[in-house]
Amino acid sequence: MKLKVGVIGAGSMGINHVRVLSHMQEASLVGVADIDDKALKKIHKIYEVPVFKNIEELLNQDIDAVTIAVPTSLHRNIALLVIKHGLHLLVEKPIAGNIPDAEEIIAAADKNGVKLMVGHIERFNPIIPTIRNAISGERIISIDITRVGPYPPRIKDVGVIIDLGVHDIDLICFLTNSDFVDIDCHISNNFTEFEDTAMLTFRMSNGTLAHVTTNWITPFKRRMIQIATPDKFIEGNFITMQAIEYSGFRENHGSHVVSPLRTQIGEPLKLELKAFIDSVSNNIELPITGEDGLKALTIATECLKIGHNSYFTDIKQRNLV
């Protein structure tokens, strides 16, 4: 039996959900809901799927699960409405705009016995399982991630840490299987009311050092990860889905053995949605839970707090000079 799925949100991410779900053998796309009539007409024309301007109308259809791809500020209210209808849900990252909202969503899902997955899509980027396999059994010395690009006009309710940095906070926790014990953050606001540049530094409980550079001021997208272990150095490109391993340092030659890592290419969103559908259809464990989403949001929120305190203290000091 195909899982009957609806999509809430017809923006840039929502239309990608529609595109993928409309071609998945495991799912039947019941409909799409959004208040934007123009966006709904576009989706209906391309995919010939029923569209609804009222979310309740979609939720009252014969439906099993919903994916939510709306602005972060709307996650709480829409997620709670979906849960009230007893439907399983995948919420795009971050799980919510603040910790109390996230906790309320998780509690409601538990109480109503529905599955709640958070769309930390980079876990499904094919280079991540490749890198995890390459570093299995290794002690991770450091992780360095760069996630930068131009400002996305569609993001109007959060800054770069919640929109982009939360990806890498989740990845660092996932790759190290460790908790954050030391956090530092520096931010700046240059073109928006929210922070558009951030540098995050962490020490994990297993000793791994991690750093994330993220911004909305670089004129091109760059998505890179570098991981060092005592025996290996691995560099991965999230965009090209390619990874290279440097190992076997030869002191006499001052060089390493350079080996491309074989990666099975696939679309991260398709892999993510398939994992969600498989979990619901077969009643198996979710790959990313509400608690995972809450953990990433909690660390991102702490980064923001530290960053704002440092930033505004610095401004006050400079204004006194």
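Every chain is numbered on its own, with residues counted from 1 as its sequence reads. Where totals are concerned, whole chains, interfaces and linings use all residues; where local detail is concerned, this predicted model gives features only for residues with pLDDT of at least 70, and gives and counts side-chain atom pairs only at 80 or more. Calculation of side-chain values draws on the structure's entire complement of heavy atoms; hydrogens and water are dropped beforehand.

Trainee: Report on the sheet that holds strand β1 (residues 3-8), specifying residues and quantitative values.
Mentor: Between any two strands, at least two bridges found by DSSP are needed for them to pair. Going along the chain from the N terminus, every DSSP run of H or I of four or more residues is numbered as a helix, and every run of E of two or more is numbered as a strand. Taken together, 6 strands build an open sheet; the order of strands is β3-β2-β1-β4-β5-β6 and the sheet is parallel. Every interior strand has two partners, whereas the edge strands, β3 (51-52) and β6 (116-119), have only one. The sheet contact formed by β1 and strand β2 (residues 27-33) spans 6 bridges and is parallel. Looking at the pairing, V5 lines up with L29 of β2.

Trainee: Describe the packing of aromatic side chains, naming the residues involved and giving the relevant values.
Mentor: Pairs were defined over the aromatic rings of Phe, Tyr and Trp, the Trp ring being its six-membered one, requiring ring centres within 6.5 Å. Orientation was assigned from the angle between planes: stacked under 30 degrees, edge-to-face over 60, tilted for the rest. Counting across every chain of the model gives 3 aromatic pairs. Counting as a charge over the ring demands two things of the Lys NZ or Arg CZ atom: a distance within 6 Å of the ring centre and an angle within 35 degrees of the ring normal. Geometry around F174 places R132 over its ring, the cationic atom sitting 4.0 Å from the centre. Above the face of the F238 ring, R147 is positioned so that its terminal group lies 5.0 Å from the ring centre.

Trainee: Could you give an account of the environment of V30, naming the residues involved and the relevant values?
Mentor: With respect to the element layout, V30 can be found in strand β2. Separated by 89 residues in the primary sequence, V30 and G119 have C-alpha atoms spaced 20 Å apart. Excluding residues within four positions of it along the chain, V30 makes contact with K4, V5, V49, P50, F52, Q61, D62 and I63. By definition, residues are in contact when any of their heavy atoms lie within 4.5 Å.

Trainee: Before we move on, can you summarise the pattern of salt bridges with the specific residues and values?
Mentor: In the sections that follow, a salt bridge refers to a side-chain nitrogen of Lys or Arg positioned within 4 Å of a carboxyl oxygen of Asp or Glu. Tallied over the entire structure, the rule returns 15 salt bridges. Linking D163 and K93 is a salt bridge whose minimum nitrogen-to-oxygen distance equals 3.3 Å. Within this pair, whereas D163 is found in helix α7 (residues 160-176), its partner K93 is found in the loop between β5 (88-92) and α5 (99-112), the two being separated by 70 residues in sequence. In terms of burial, D163 and K93 fall into one category: buried. Across the pair D179 and K295 runs a salt bridge, and its minimum N-O distance is 3.5 Å. Exposure is judged per residue with a 1.4 Å probe applied to protein chains only, and the accessible area is read against the type maximum: over 50% gives exposed, under 20% gives buried, and values in between give partly exposed.

Trainee: Break down the nonpolar core for me, with residues and values.
Mentor: The definition of a nonpolar core used throughout is a set of buried Ala, Val, Leu, Ile, Met, Phe, Trp, Tyr and Cys residues joined through side-chain atoms within 4.5 Å. Counting residues in hydrophobic clusters, the biggest one holds 102 residues, and the most contacted among them are I161 and F202. Discounting residues that sit within four places of it in the chain, F202 has contacts with I169, I172, F180, D182, I183, T208, L209, A210, V212, I299 and C303.

Trainee: Run through the pairing of strand β11 (residues 217-228), naming residues and quoting values.
Mentor: Across a regular strand the side chains alternate sides, sitting on one face of the sheet and then on the other. Sheet topology note: the strand β7 (residues 142-150)/β11 ladder contains 8 bridges and is antiparallel. What sits directly across from R147, in β11, is R223. The pairing of β11 with strand β12 (residues 232-237) spans 5 bridges and is antiparallel. Looking across to β12, one finds that A228 is bridged to F233. Once β11 ends, the chain turns through 3 residues before running back antiparallel as β12.

Trainee: Which residues make up the packing of helix α4 (residues 75-84) against α5, and what values go with them?
Mentor: Two elements in contact, α4 and α5, have axes separated by 10 Å at closest approach and are oriented at 5 degrees. If you check the angle between α4 and α5, you find them roughly parallel. Across from H75, R76, A79, L80 and I83 in α4, the residues of α5 making contact are D101, E104, I105, A108, A109 and N112. Side-chain classes follow a simple rule in which Ala, Val, Leu, Ile, Met, Phe, Trp, Tyr, Cys and Pro form the nonpolar group, Asp, Glu, Lys and Arg form the charged group, and the remainder, Gly included, forms the polar group. In the contact of α4 with α5, the residues fall into 6 nonpolar, 2 polar and 3 charged. Structural elements are reduced to axes, namely lines fitted to C-alpha atoms, with helices fitted over the stretch in contact, and the angle between N-to-C directions of any two is expressed from 0 to 180 degrees. Angle categories: roughly parallel below 35 degrees, roughly antiparallel above 145, roughly perpendicular from 65 to 115, and oblique for all the rest.

Trainee: Can you explain the environment of L21? Please cite residues and give values.
Mentor: Its place among the elements puts L21 in helix α1 (residues 12-21). Taking the C-alpha atoms as reference, L21 lies 9.1 Å from G6; in sequence the two are 15 residues apart. Each residue touching L21, except ones within four places of it in the same chain, is listed here: V5, V7, A27, L29, T67, L273 and I277.

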